[in-house]
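Commentary on secondary and tertiary structure
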Amino acid sequence: MRVIWDPAKARTNRARHGVSFEEAASALLDPFAIEAPDLLDPARTVVIGRSGRSRLLFVVVLVFETAELVRIISARKASPSQRRKYEEAP
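Residues numbered from 1 in each chain as written. Predicted model: local features only at pLDDT ≥ 70, side-chain atom pairs only at ≥ 80, totals over all residues. Heavy atoms only, no water.

**Digging into the environment of His 17**
On the secondary structure map, His 17 appears in helix 1 (residues 7–17). Distance from His 17 to Ala 27, taken between C-alpha atoms, is 15 Å for residues ten residues apart in sequence. Not counting chain neighbours up to four residues away, the residues in contact with His 17 comprise Ala 75 and Arg 76. (Helix = DSSP H or I, 4+ residues; strand = E, 2+ residues; numbered from the N terminus. Contact = heavy atoms within 4.5 Å.)

**A word on the sheet that holds strand 5 (residues 69–77)**
As summarised here, the arrangement of the five strands in space is 1-5-4-3-2, forming an open sheet in which the pairing is mixed. One side of each edge strand has no neighbouring strand; the edge strands of this open sheet are strand 1 (2–4) and strand 2 (34–37). Taken pair by pair, the neighbouring strands of this sheet meet at an average axis angle of 35°, ignoring direction. Relative to strand 3 (residues 44–50), strand 2 runs antiparallel, the two being bridged by four bridges. Counterpart to Pro 37 in the pairing with strand 3 is Thr 45. Most of the contacts of helix 3 (residues 80–88) go to strand 3, to which it runs at about 75°, and overall it touches strand 2, strand 3, strand 4 (56–64) and strand 5. (Pairing = 2+ DSSP bridges. Axes fitted to C-alpha atoms, helices over the stretch in contact; angles between N-to-C directions.)

**Let's talk about the pattern of salt bridges**
This model, assessed by the stated rule, comprises four salt bridges. Among the ionic pairs, Arg 53 bridges to Glu 23, the shortest N-O distance being 3.4 Å. Of this pair, Arg 53 sits in the loop between strand 3 and strand 4 while Glu 23 sits in helix 2 (residues 21–27); the two residues are 30 residues apart in sequence, bridging distant segments of the chain. The closest approach of N and O atoms between Arg 55 and Glu 23, which form a salt bridge, is 2.6 Å. With Arg 55 in the loop between strand 3 and strand 4 and Glu 23 in helix 2, this residue pair connects regions lying 32 residues apart in the sequence. On the basis of relative accessible area, Glu 23 is assigned to the buried category, the value being 6%. In the salt-bridge network here, residues are joined through shared partners; they are Glu 23, Arg 53 and Arg 55. (Salt bridge = Lys/Arg side-chain N within 4 Å of Asp/Glu carboxyl O. Buried < 20%, exposed > 50% of the residue type's maximum accessible area, 1.4 Å probe, protein only.)

**Topic: the packing of aromatic side chains**
Given two aromatic rings, one states the distance between the centres and the angle between the planes to describe the pair. The tally for this structure, following the rule as stated, stands at one aromatic pair. Both rings, one in Trp 5 and one in Phe 21, keep their centres 6.0 Å apart while their planes meet at 75°; by these two values the pair is edge-to-face. Of this pair, Trp 5 sits in the loop between strand 1 and helix 1 while Phe 21 sits in helix 2, and the two are 16 residues apart along the sequence. Taking relative accessible area as the criterion, Trp 5 reaches 25% and is therefore assigned partly exposed. (Phe/Tyr/Trp six-rings, centres within 6.5 Å; stacked < 30°, edge-to-face > 60°.)

**Considerations on the pairing of strand 4**
Looking at chain direction, strand 3 and strand 4 are connected through seven bridges and run antiparallel. Across the sheet, the residue bridging to Gly 49 is Leu 57, located in strand 4. The hairpin formed by strand 3 and strand 4 contains five residues between the paired strands, and Ser 54 there has a positive phi angle of roughly 70°. Bridging between strand 4 and strand 5 involves eight bridges; their strand directions are antiparallel. Paired with Leu 62 across the strands is Arg 71, a residue of strand 5.

Read these as spatial facts, not as claims about activity.
This is the structure in structure tokens:
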């Protein structure tokens, strides 16, 4: 899987949420990550996963199905309800 992002958006996201897109990319590799369609935009997918820094993150991505390509749109720390969903998943 190849992960890409817009560098300007990555800087904005880090300033706003304190999460780098490099860290967000590591959360996408979590074998226990939860994926679901984004209810606000069906073209996007949301992922709740543990990053390489052991933080639980909520990451919004755009997945290109014709290639092993994922574009990170945003990333932040998971909310308490998102954390519960992750911890209670089978």
